[in-house]
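Fold and contact review
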Amino acid sequence: MLEKLAQIEKEALEALSKIEEEAALEAWRVANIGRSSPVMNVFSQLGSLPKEERPAAGQRANQVKTALETAFAEKKEALRQAALARSLASERLDVTLPGRPFRRGRLHPATQNLRRILSILGEMGFQVYTARDVETDEYNFQLLNIPPHHPAREMQDTFYIETGETDEARRLVLRTHTSPGQIRAMREFSAQNPQNPPPIRIALPGMCYRFEQITARSEVQFHQIEGLVVGQNITFADLKGTLSEFARRMFGRNARTRFRADHFPFTEPSAEMDVECFVCGGKGCSVCKKSGWLEILGCGMVHPVVLQNGGYDPARYTGFAFGMGPERQLMLRHKITDIRYFWGNDVRFLEQF
Ligand code: DAH
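Residues numbered from 1 in each chain as written. Predicted model: local features only at pLDDT ≥ 70, side-chain atom pairs only at ≥ 80, totals over all residues. Heavy atoms only, no water.

As for the domain arrangement of the chain
- In terms of domains, the chain is made up of domain 1 (2–91) and domain 2 (109–350).
- Centre-to-centre separation of domain 1 and domain 2, based on C-alpha positions: 88 Å. (Domains from an automatic or database assignment.)

Next up, the structure:
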């Protein structure tokens, strides 16, 4: 029996020394010190030994069991240490290395400029009012004094949305400008108190759509910001003062402006505002085509018919309106020669802003 125990111990320790991983170690434990392992079997056989051999055999069996358990514990610890050393080596961290920069998203340049314009108008007392992108033919054209066959409609080649049987006025279009929002705002305000409608001072941002050939100079979508002021005793002097101050806040304290007569069906009189070229300071360059001036926005006194359509009595109320393109301003400022960059989603372009 003693020899057998010596054999058991020797074989078990030999097997243990070859083990290099957890799973094998567990299998070894079950086979060599588990409940039905050879040493444990010796304990159950002790009773069948001659009486005088029992104490020595029992003692030896205990010794072997303890030795194997100790060897197991040592091996387990050794494996744990080895694993730790391995992971320390592979996950080594050099805290003196510079951090890895991570790429941050940013606002689209058009959004940045839109927000800048809105914050300037906001400081000047304008509230933001948003209207819908899908409009009826009536709001987009007719209520703005652009009748069905008015030549002004040709300037704005339109995306019509098929709606089957609807009559002409209710035909749906993608808005070609933000001006229909003027009617929506006036109607909403005047509905509050039809006898004595409240004054209006709003900025109306939004995407506009035109059925154009896409080229370096024209896109099928672009932003506009519309302004509308309606109240009593509003004059062309208010228009000039407000828009010149806007230009100074937008383009610099010394930005000079000039107004040129123009025509829009929804304003009378109508004008274009130019600012002195902010690229060359008015000396004349390629951006301003040597004129020293840049065309920035269209504006005018709200046409009496339009006031009427909005629910404001043109005998008591007057107002002015303006519309500008934030992308166009960005193009001028940064000498961007191709409008297609704005919706081309090329990060090399977008990352510059
Ligand atoms: N709606 C015009 C356009 O898209 C821009 C415009 C001109 C808006 C004059 C106005 C305005 O409010 O008064 O070209």
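Next, the rest of the story.
Considerations on the pairing of strand β5 (residues 200–209)
- Counting buried residues in β5 gives nine out of 10 residues, a clear majority hidden from the surface.
- Pairing geometry for strand β1 (residues 127–128) and β5, over two bridges, is parallel. By the bridge assignment for β5, Val128 is matched with Ala203.
- Pairing geometry for β5 and strand β6 (residues 221–231), over 10 bridges, is antiparallel. Bridge pairing links Ile200 to Val230 in β6. (Buried < 20%, exposed > 50% of the residue type's maximum accessible area, 1.4 Å probe, protein only. Helix = DSSP H or I, 4+ residues; strand = E, 2+ residues; numbered from the N terminus. Pairing = 2+ DSSP bridges.)

Focus: the site of the ligand
- In the vicinity of the ligand there are 16 residues, among which His177, Ser179, Arg210, Gln224 and Glu226 approach most closely.
- Measuring from an oxygen atom of the ligand, one finds a side-chain N or O atom of Gln182 at 3.2 Å.
- Phe322 is positioned such that a nitrogen or oxygen atom in its backbone is 3.4 Å from an oxygen atom of the ligand.
- Calculation on the ligand without its partners gives an accessible area of 350 Å², and the protein chains cover 90% of this total.
- Put simply, the parts of the chain that give the shell around the ligand at least two residues each are β6, β9 (293–302) and β10 (318–324).
- Its residues placed into classes, the shell around the ligand shows five nonpolar, nine polar and two charged. (Near = heavy atom within 4 Å. Polar contact = N/O pair within 3.5 Å; in protein donor to acceptor, adjacent residues only side chain to side chain. Areas by Shrake-Rupley, 256 points an atom, 1.4 Å probe, with all protein chains shown as cover. Nonpolar A, V, L, I, M, F, W, Y, C, P; charged D, E, K, R; others polar.)

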